[in-house]
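Structural overview for review
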Amino acid sequence: MFYVYVVGDKFVTIKENKKGDKLFSIGLTKSIEKCAYFDNKKKANSWLKAIQFVYPNAEIKEATLTIK
């Protein structure tokens, strides 16, 4: 089971910054392949405040994986 944050029809991304004063950049993407995902709910909840600071209406969703 995986968890992702969504804002409307977009997924939240988290990228590590190599330079500058911010450690991470939080953004949006339409691709689920490029989004930030978490393998357990505890890890996902640890990012809740940081993500909702940038996107107040972000919500966590359970993602399922289908193999064809």
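Use the structure listed above.
These remarks concern the structure in this document. The shown structure was predicted, so the numbers you read here are calculated from the model rather than taken from an experiment.

Here we look at the packing of aromatic side chains
For the structure on display, the rule yields 3 aromatic pairs. Measuring from ring centre to ring centre gives 5.4 Å for Phe2 and Tyr37, while their planes differ by 85 degrees; the resulting arrangement is edge-to-face. Here Phe2 is found in strand β1 (residues 2–7), whereas its partner Tyr37 is found in strand β4 (residues 37–38), with 35 residues between them in sequence. Phe2 gets classed as partly exposed once you look at its relative accessible area, which sits at 30%. Taking relative accessible area as the criterion, Tyr37 reaches 54% and is therefore assigned exposed. With centroids separated by 6.0 Å and ring planes inclined at 90 degrees, the aromatic side chains of Tyr5 and Phe38 adopt a geometry described as edge-to-face. Separated by 33 residues along the polypeptide, Tyr5 in strand β1 and Phe38 in strand β4 bring together distant segments of the chain. Under the relative-accessibility criterion, Phe38 is labelled buried at 9%.

What to know about the nonpolar core
Listed in full, the 9 residues of the largest apolar core are Tyr3, Tyr5, Val7, Val12, Phe38, Ala44, Ile51, Tyr55 and Ala58. A per-element tally of this core places β1 first, with 3 residues. Dropping the residues within four chain positions of it, Tyr55 is found in contact with Val7, Ile26, Gly27 and Leu28. The next biggest cluster of nonpolar side chains, apart from the first, holds 5 residues, and it includes Val6, Phe11, Cys35 and Ala63.

Quick notes on the side chain of Thr29
Considering the arrangement of structural elements, one finds Thr29 in strand β3 (residues 24–29). For Thr29, a relative accessible area of 14% corresponds to the buried category. A polar side-chain atom of Thr29 sits 3.2 Å from the main-chain amide nitrogen of Ser31.

Points about the pattern of salt bridges
Between side chains of opposite charge, a pair can form as their charged atoms come close. According to the stated counting rule, one finds 3 salt bridges in the structure shown. Residue Lys43 is joined to Asp39 by a salt bridge in which the shortest nitrogen-to-oxygen separation is 3.3 Å.

Cut-offs used in this document
Here the residue numbers are simple positions, counted from 1 along each chain's written sequence. Restriction of local features to residues with pLDDT of at least 70 applies here, the model being predicted, together with a cutoff of 80 or more for giving and counting side-chain atom pairs; totals for whole chains, interfaces and linings are based on all residues. Side-chain descriptors were evaluated using all non-hydrogen atoms of the structure, hydrogens and water having been removed beforehand. The pairing test for Phe, Tyr and Trp rings, Trp by its six-membered ring, is centres within 6.5 Å, and the orientation test on the planes gives stacked under 30 degrees, edge-to-face over 60, and tilted for anything in between. Working definition: helices are DSSP H or I runs of at least four residues, strands are E runs of at least two. Numbering for both runs from the N terminus. Note on exposure labels: buried denotes an accessible area under 20% of the residue type's maximum, exposed denotes more than 50%, and partly exposed covers the range between, all computed with a 1.4 Å probe on protein chains only. Here, the term nonpolar core denotes a set of buried Ala, Val, Leu, Ile, Met, Phe, Trp, Tyr and Cys residues that are joined through side-chain atoms within 4.5 Å. Should any heavy atoms of two residues lie within 4.5 Å, those residues are counted as being in contact. Here a polar contact means two N or O atoms within 3.5 Å. Within protein one must be a hydrogen donor candidate and the other an acceptor candidate, and residues neighboring in sequence count only if both atoms are side-chain atoms. Any Lys or Arg side-chain nitrogen found within 4 Å of a carboxyl oxygen on Asp or Glu counts as a salt bridge.

Read these as spatial facts, not as claims about activity.
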